[in-house]
Every structure is written in C-alpha cells, then in structure tokens.
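# Commentary on secondary and tertiary structure
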Amino acid sequence: MQIGVLALQGAFIEHEQMLARLGVSCFEIRQLADLENSLDGLIIPGGESTVQGKLLRELGLFEPLKQLIDGGLPVFGTCAGLLLLAAKIENDDRLYFASMNISAVRNAYGRQLGSFFAEAEFAGEGKIPMTFIRAPYIASTFGETEVLATVEGKTVAAREGNMLVTAFHPELNESTAVHRYFIEMVRRAAR
Ligand code: GLN
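Below is a summary of the structure that appears in this document. Values in this document were obtained by computation on a predicted structure and should not be read as measured data.

Further remarks concern the packing of aromatic side chains. Per the counting criterion, the structure on display carries 8 aromatic pairs. Geometrically, the ring pair formed by F62 and F97 is stacked, given 4.8 Å between the ring centres and 10 degrees between the ring planes. Taken together, the residues span a long stretch of sequence, with F62 in helix α3 (residues 62-70) and F97 in the loop between β5 (86-89) and β6 (100-105) at a distance of 35 residues. Residue F97 is classed as buried on the basis of its relative accessible area of 1%. Site record: aromatic cluster; members linked through ring pairs are Y109, F116, F132, Y137 and F168. Note that R57 overlies the ring of F62, its terminal NZ or CZ placed 3.9 Å from the centroid.

What follows deals with the side chain of Q52. Mapped onto the elements of the fold, Q52 is located in helix α2 (residues 49-58). Its relative accessible area of 0% is what places Q52 among the buried residues. A polar atom in the side chain of Q52 sits 3.3 Å from the backbone oxygen of P45. In this view, Q52 contacts L6, L8, Q9, I44, P45, G46, G47, A80 and L84; residues no more than four positions away in its chain are not counted.

What follows concerns the site of the ligand. Near the ligand the following residues occur: G46, G47, E48, S49, C79, A80, L83, R106, N107, I133, R134 and H169. One of the side-chain nitrogen or oxygen atoms of N107 is found 2.6 Å away from a nitrogen atom of the ligand. At a separation of 3.0 Å, a nitrogen atom of the ligand approaches a polar backbone atom of R134. Protein contacts shield 98% of the accessible area of the ligand, which totals 300 Å² for the unbound molecule. Within the shell around the ligand, the residues separate by chemical class into 4 nonpolar, 5 polar and 3 charged.

Before going further, it helps to spend a moment on the pattern of salt bridges. As enumerated under the stated definition, the model contains 10 salt bridges in all. Note that R134 is salt-bridged to E48, the shortest N-O span being 3.0 Å. Separated by 86 residues along the polypeptide, R134 in the loop between β8 (127-133) and β9 (137-141) and E48 in the loop between β3 (41-44) and α2 bring together distant segments of the chain. When its relative accessible area of 42% is taken as the criterion, R134 is described as partly exposed. One salt bridge connects R187 with E184, and the closest N-O pair in it is separated by 3.8 Å. On the criterion of helical spacing, the pair formed by R187 and E184 is a turn pair, its members being 3 residues apart in helix α5 (residues 177-190). Classification of E184 by relative accessible area gives partly exposed; the value is 28%.

Calculation criteria
Residues numbered from 1 in each chain as written. Predicted model: local features only at pLDDT ≥ 70, side-chain atom pairs only at ≥ 80, totals over all residues. Heavy atoms only, no water. Phe/Tyr/Trp six-rings, centres within 6.5 Å; stacked < 30°, edge-to-face > 60°. Helix = DSSP H or I, 4+ residues; strand = E, 2+ residues; numbered from the N terminus. Buried < 20%, exposed > 50% of the residue type's maximum accessible area, 1.4 Å probe, protein only. Lys NZ or Arg CZ within 6 Å of the ring centre and 35° of its normal. Polar contact = N/O pair within 3.5 Å; in protein donor to acceptor, adjacent residues only side chain to side chain. Contact = heavy atoms within 4.5 Å. Near = heavy atom within 4 Å. Areas by Shrake-Rupley, 256 points an atom, 1.4 Å probe, with all protein chains shown as cover. Nonpolar A, V, L, I, M, F, W, Y, C, P; charged D, E, K, R; others polar. Salt bridge = Lys/Arg side-chain N within 4 Å of Asp/Glu carboxyl O.

Here you go:
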C-alpha cells in the first residue's frame, strides 16, 4: 500500500509521520511527475485552502487529482483538505474538487475561538483528541454522507464512500485512530 500526500503547503509532514508510525509507506505529491507513482490513497492536509487550490491549478495537478478522486481513489482531507473536497462552501464563492456531498463553513469558529482543543467520539472508536485551527465545520451533509463525529452539535468528521474528512487535525495529536480508520478504507478499496 502506498499513500500520496499532497505536499504543496500546510501540515503534510505530520501526516507522513503518522503514516510512518503505522508502517504505511507514502510519497509526496509536489508536481505532476509525482503522479507517475502508483497510489492507493491520497491525503490532502490542512493549511490554506485558497493557496492549495491556486497551486493545484498552477501546477496542473487539479484535473488529474479530481479525476482520481471522482474515480473512487480513497481520499482523506483535513481542515483545508475538507474545504477542497466540499461540494459547497457556505461563506465562500470558491469551490475546488467539490466531490463530496457536504456543505462547509470556512473559518467557522470566529476569531476568539480560532484554535481550540476538544475530545469527542469518532466513528465508534471511542473518544479521541481533536485540535482545531481556524477550522471549518460541516453545516450539512447530503447524499450518502455519514457523520462520524460532532463537537457541540457541529459535524466535524464525515465519510462518503471512499472520501473521509475531518475539520480538526488528527495528525497533530497522539491518537492514530483517524489514520487507522483511513488506512482501513484504503485496504477495503484495494480488495
Ligand atoms: N482556514 C483555513 C482555510 O480556509 C483552514 C485551516 C486549516 O487547515 N487549519 O483553508
């Protein structure tokens, strides 16, 4: 199994470290030639969705990655990655891959609560630590999308088919639960 980690901007190294801890090999996607590697799954890290979106287009990565995602390649988007995957962003006109049936609110927690920590149930795996950094939340889900975690009544993790998103940054905490969940998705998709 090999995971491609989008490495244009943001917190990609922490995802690579998490995968290393789980014994899963990965490579960085920085340019089109990197897509010559075979990949079983894709991680889109947190950072700045506008910057990542712009770089994806400039580097010619946007269309090939969209095709892979829409073709069913397992993908895990954290924070900005969630925004890149959302079919709708309620407070922004920009849209990116727009592949997943969620409607997100960008920078949803306001200035004072820009960053915070919570612990909540994730996908029946028990309570896990969740670090939010100028995070979005998911205002609504539609289609086949399943809610995997909520914090104070807001959806902060969801899955639709081979797509997984979290508003928080699981790569910044000790718990490997979310990455293990994604790796299991990738395993099942590969069968
Ligand atoms: N606020 C960022 C955005 O709009 C997301 C923050 C993050 O990824 N930690 O893209």
